[in-house]
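Below are the chains, spelled out letter by letter.
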Amino acid sequence: RARGVRADAGAVVITAGFTPGLALLGRVLHRLGMRAIATEDPGLGRHRDVLHAAGLATVPLEVGPGGADPDGLAPDGLAPDGPAVRAVVLTPAHQYPRGVVLGASKRSAFADWARREDGFIVEDDYDGEFRYDQQPVGAMQALAPDRIVFAGSTSKTLAPGMRLGWLVVPPALRVPLLEAMAELGAAVPAVQQL
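Student: Hey, could you go over the overall build of the protein for me, with residue numbers and the actual values?
Tutor: A count of helices and strands for the protein gives 5 helices and 8 strands. Secondary structure elements of the protein occur, N-terminal to C-terminal, as β-α-β-α-β-β-β-α-β-β-β-α-α. Going through the 194 residues of the protein one by one, you find that 45% of them count as buried. Across the protein, contacts joining residues at least 24 apart in sequence account for 73% of those joining residues at least 6 apart. In the form shown here, the protein has an accessible surface area of approximately 9300 Å², with 56% of it arising from carbon and sulfur atoms.

Next up, the structure:
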């Protein structure tokens, strides 16, 4: 409610943190035929590593003073000299490492791109809950709940060692994601969840 995420209980999948959740999503996107995903540049290298391990090529998406640039994605989803890009990982509330907030027009442009390309956006809510200087920034997910995966974790609010996170998953990805979790034995113990 505080961030404006549109979800019901069936949309929420508990993970062992953001990075394991991203690894699962990478596998699911690969199974759905995607071979490339755009990631912010600069961004966290560990995220690119888990996406590569899932079989996805990563395409750099330039980050400037106003956040990631949606113009870096070709209108037809084609990456230069590579496979089609139909997914993107963004940190719109607080870009890592630059700390910028993705502006409203860019958020809308990314959501429009995802709808047009039948693609997905993974919204990493990195530090989204820590806004001491102004009102919290709303989640992008409400712009296109059928195209945006909202992802968060308790690593900053409780402790990184908890290894607890969540994904708010669009309907098209729910069953494939739960199947991947079952195959990998990626369930999070109930004691940690409680």
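Student: Give me the lowdown on helix α3 (residues 104-117), citing residues and values where you can.
Tutor: For α3, spanning 14 residues, the distance from its first C-alpha to its last is 20 Å, which sits close to the expected 20 Å at 1.5 Å a residue. Among all positions in α3, only Arg 107, Phe 110, Ala 111, Trp 113, Ala 114 and Glu 117 are buried. Burial along α3 is one-sided: seen end-on, the buried residues are contained in an arc of 155°. Of the residues in α3, the exposed ones pointing more than 90 degrees away from the buried face are Ala 104, Ser 105 and Arg 116.

Student: Provide a residue-level description of the packing of aromatic side chains, including the pertinent values.
Tutor: How two aromatic rings sit relative to each other is given by the distance of their centres and the angle of their planes. Within this structure, the stated rule accounts for 0 aromatic pairs. Sitting over the face of the ring of Phe 120, Arg 147 holds its NZ or CZ atom 4.6 Å from the ring centroid.

Student: Give a detailed account of the sheet that holds strand β7 (residues 148-153), specifying residues and quantitative values.
Tutor: Overall, mixed pairing links the 8 strands, which are arranged β1-β8-β7-β6-β5-β2-β3-β4 in an open sheet. Lying at the two open borders of the sheet, with one neighbouring strand each, are β1 (12-15) and β4 (67-68). Where β7 meets strand β8 (residues 165-168), 4 bridges bridge the pair, whose relative direction is antiparallel. Looking at β8, one finds that Ser 153 is bridged to Gly 165. Across the sheet, α3 is in contact with β3 (57-64), β4, β5 (85-90) and β6 (120-124); its angle to β5 comes to roughly 150°. On the sheet, helix α4 (residues 171-184) packs against β1, β6, β7 and β8 and is oriented at approximately 25° with respect to β1.

Student: Hey, could you go over the pairing of β1 for me, with residue numbers and the actual values?
Tutor: Here β1 shows a clear split, with Val 13 and Thr 15 buried on one side and none of Val 12 and Ile 14 buried on the other. In this structure, β1 lies alongside β8, joined through 4 bridges in antiparallel fashion. Residue Ile 14 lies in a different strand from β8, and its bridge partner there is Trp 166.

Student: Requested: an account of the nonpolar core, with residues and values cited.
Tutor: With 24 residues, the main nonpolar core has Leu 22, Leu 25, Leu 29, Ile 37, Leu 167, Leu 173 and Leu 177 as its most contacted residues. Going through the elements one at a time, α1 (18-31), α2 (45-53), β5, β6, β7 and α4 are the ones with two or more residues in this core. Residue contributions to this core peak at 6 residues, all from α1. What Leu 177 contacts, discounting residues up to four positions off in sequence, is Val 13, Leu 24, Leu 25, Val 28, Leu 167 and Val 169.

About the thresholds
Residues numbered from 1 in each chain as written. Predicted model: local features only at pLDDT ≥ 70, side-chain atom pairs only at ≥ 80, totals over all residues. Heavy atoms only, no water. Helix = DSSP H or I, 4+ residues; strand = E, 2+ residues; numbered from the N terminus. Buried < 20%, exposed > 50% of the residue type's maximum accessible area, 1.4 Å probe, protein only. Contact = heavy atoms within 4.5 Å. Areas by Shrake-Rupley, 256 points an atom, 1.4 Å probe, with all protein chains shown as cover. Expected span 1.5 Å × (residues − 1). Arc of directions from axis to C-beta. Phe/Tyr/Trp six-rings, centres within 6.5 Å; stacked < 30°, edge-to-face > 60°. Lys NZ or Arg CZ within 6 Å of the ring centre and 35° of its normal. Pairing = 2+ DSSP bridges. Axes fitted to C-alpha atoms, helices over the stretch in contact; angles between N-to-C directions. Core = buried A, V, L, I, M, F, W, Y, C linked by side-chain atoms within 4.5 Å.

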